[in-house]
Amino acid sequence: MTDLSQSIAIVTGGASGIGRACVMALNESGARVVFTYHSEEDTAQDIAAKTGAIPVQTDVGDEDAVASLFARCEEEFGTPTLLVNSAGLNMSGTCLVDMELAHFDKVVRTDLYGPFLTCRAFARAAKEGGRIVNISSIHEDAPRAGAVDYDAAKGGLAQLTATLALELAPRRIAVNGVAPGMILTPMNEEAMDDEEVRRKAEANIPWGRAGTPEEVAALVVFLLSPAADYITGATVTIDGALSQVVAPGA
Ligand SMILES: NC(=O)c1ccc[n+]([C@@H]2O[C@H](COP(=O)([O-])OP(=O)(O)OC[C@H]3O[C@@H](n4cnc5c(N)ncnc54)[C@H](O)[C@@H]3O)[C@@H](O)[C@H]2O)c1
């Protein structure tokens, strides 16, 4: 098992889905963890009771809230050495012509401004060394009609990750992205609740099934570990080859 017992981690979106699996996996690896939750108070307290991780209610798009999150981590455990950005909102399904600016703003604020604010706070606080993983999506590259909010935010996140990797390499802070395909979390509520919907979606995935949050978390822990020391500026896709399916039958 990866030993992260010398590490202090902040995980955003840690009360649900991929973020929650990351909190659990980091905790199992011995890291001390502070995680954010948004509305999931009971779940957050439950995770805290099971792991000793510290939950902090945070809107990741709010500059002051992110400052308080980092201050809390400093207070409880010290300066964070690892950061996972998993908090995010899904696509609206609304095409651009019908999309209100307020909606676009909300998704971009969470999915792009959020990582901007947390990465900046992390880089400002960090001593020599550290590792960041930004959870993006295969839709950072693959556009869908009705997803201009999400796809634009994730496309921006890919460039944030790449640019930061350049800026922070001299300080030995590694910055990588993880781009999942279909993962069974509350973000895929319909597929979680309805077997028929799930099977239909899974039929498009060459590997024949959706992924689990634990599989993504295992990859995140590897990217945060000393074994991944020379990996920075990379985005690792985890999607059962879904993103390789381009223009079938054309
Ligand atoms: N599930 C998938 O299929 C999938 C695929 C590709 C990428 N992703 C990405 O993985 C990440 C995690 O998603 P998930 O599948 O675990 O979904 P999820 O809905 O289970 O978790 C997302 C979390 O983000 C939190 N959140 C939303 N707005 C917030 C805000 N303003 N401030 C703080 N937290 C906020 C939610 O409360 C929730 O806990 C997201 O960035 C998502 O875009 C998921």
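Check the entry above for the structure.
Everything in this summary refers to the structure shown in the same document. (Residues numbered from 1 in each chain as written. Predicted model: local features only at pLDDT ≥ 70, side-chain atom pairs only at ≥ 80, totals over all residues. Heavy atoms only, no water.)

Brief notes about the packing of helix H1 (residues 17-28) against helix H2 (residues 41-51)
Argument step 1. Contact geometry of H1 with H2 gives a least axis separation of 11 Å together with a crossing angle of 10°. Classed by the angle they form, the pair H1 and H2 counts as roughly parallel. In contact with Arg20, Val23, Met24 and Asn27 of H1, H2 contributes Thr43, Ile47 and Thr51.
Argument step 2. Residue classes in the contact of H1 with H2 are distributed as three nonpolar, three polar and one charged. (Axes fitted to C-alpha atoms, helices over the stretch in contact; angles between N-to-C directions. Helix = DSSP H or I, 4+ residues; strand = E, 2+ residues; numbered from the N terminus. Parallel < 35°, antiparallel > 145°, perpendicular 65-115°, else oblique. Contact = heavy atoms within 4.5 Å. Nonpolar A, V, L, I, M, F, W, Y, C, P; charged D, E, K, R; others polar.)

Points about the site of the ligand
Argument step 1. Around the ligand, the surrounding shell holds 26 residues, and the nearest of these are Ser16, Ile18, Glu40, Tyr150 and Thr185.
Argument step 2. Contact between the ligand and Thr58: a nitrogen atom at 3.4 Å from a main-chain N or O atom of the residue.
Argument step 3. At a separation of 2.5 Å, an oxygen atom of the ligand approaches a polar side-chain atom of Thr185.
Argument step 4. Out of a free accessible area of 820 Å², the ligand has 93% covered by protein chains.
Argument step 5. Of the pockets mapped on this structure, the ligand occupies the largest pocket.
Argument step 6. Elements with a minimum of two residues in the shell around the ligand: H1 and helix H5 (148-168).
Argument step 7. Here the shell around the ligand is built from residues that sort into 11 nonpolar, 12 polar and three charged. (Near = heavy atom within 4 Å. Polar contact = N/O pair within 3.5 Å; in protein donor to acceptor, adjacent residues only side chain to side chain. Areas by Shrake-Rupley, 256 points an atom, 1.4 Å probe, with all protein chains shown as cover. 1 Å grid on protein atoms, 1.4 Å probe; cavity = no way out; pocket = protein on both sides within 12 Å on 5 of 7 lines; lining within 4 Å. Sits in = over half its atoms within 2 Å of the grid points.)

Describing a negative patch on the surface
Argument step 1. On the surface, Glu189, Glu190, Asp193, Asp194 and Glu196 cluster together to form a negatively charged patch.
Argument step 2. You can see Glu189 is positioned in helix H6 (residues 189-193). (Patch = residues over 30% accessible without salt bridge, like charges linked within 9 Å, V, L, I, M, F, W, Y side chains within 5 Å. Salt bridge = Lys/Arg side-chain N within 4 Å of Asp/Glu carboxyl O. Lys, Arg positive; Asp, Glu negative; His and termini not counted. Charge placed at Lys NZ, Arg CZ, Asp CG, Glu CD.)

Looking at the side chain of Thr12
Argument step 1. As for its placement among the helices and strands, Thr12 is situated in strand E1 (residues 8-12).
Argument step 2. Of note is the side chain of Thr12, whose polar atom sits 3.0 Å from the backbone nitrogen of Ala87.
Argument step 3. Other than its neighbours up to four places away in sequence, Thr12 contacts Gly19, Thr36, Val60, Val84, Asn85, Ser86, Ala87 and Thr118.

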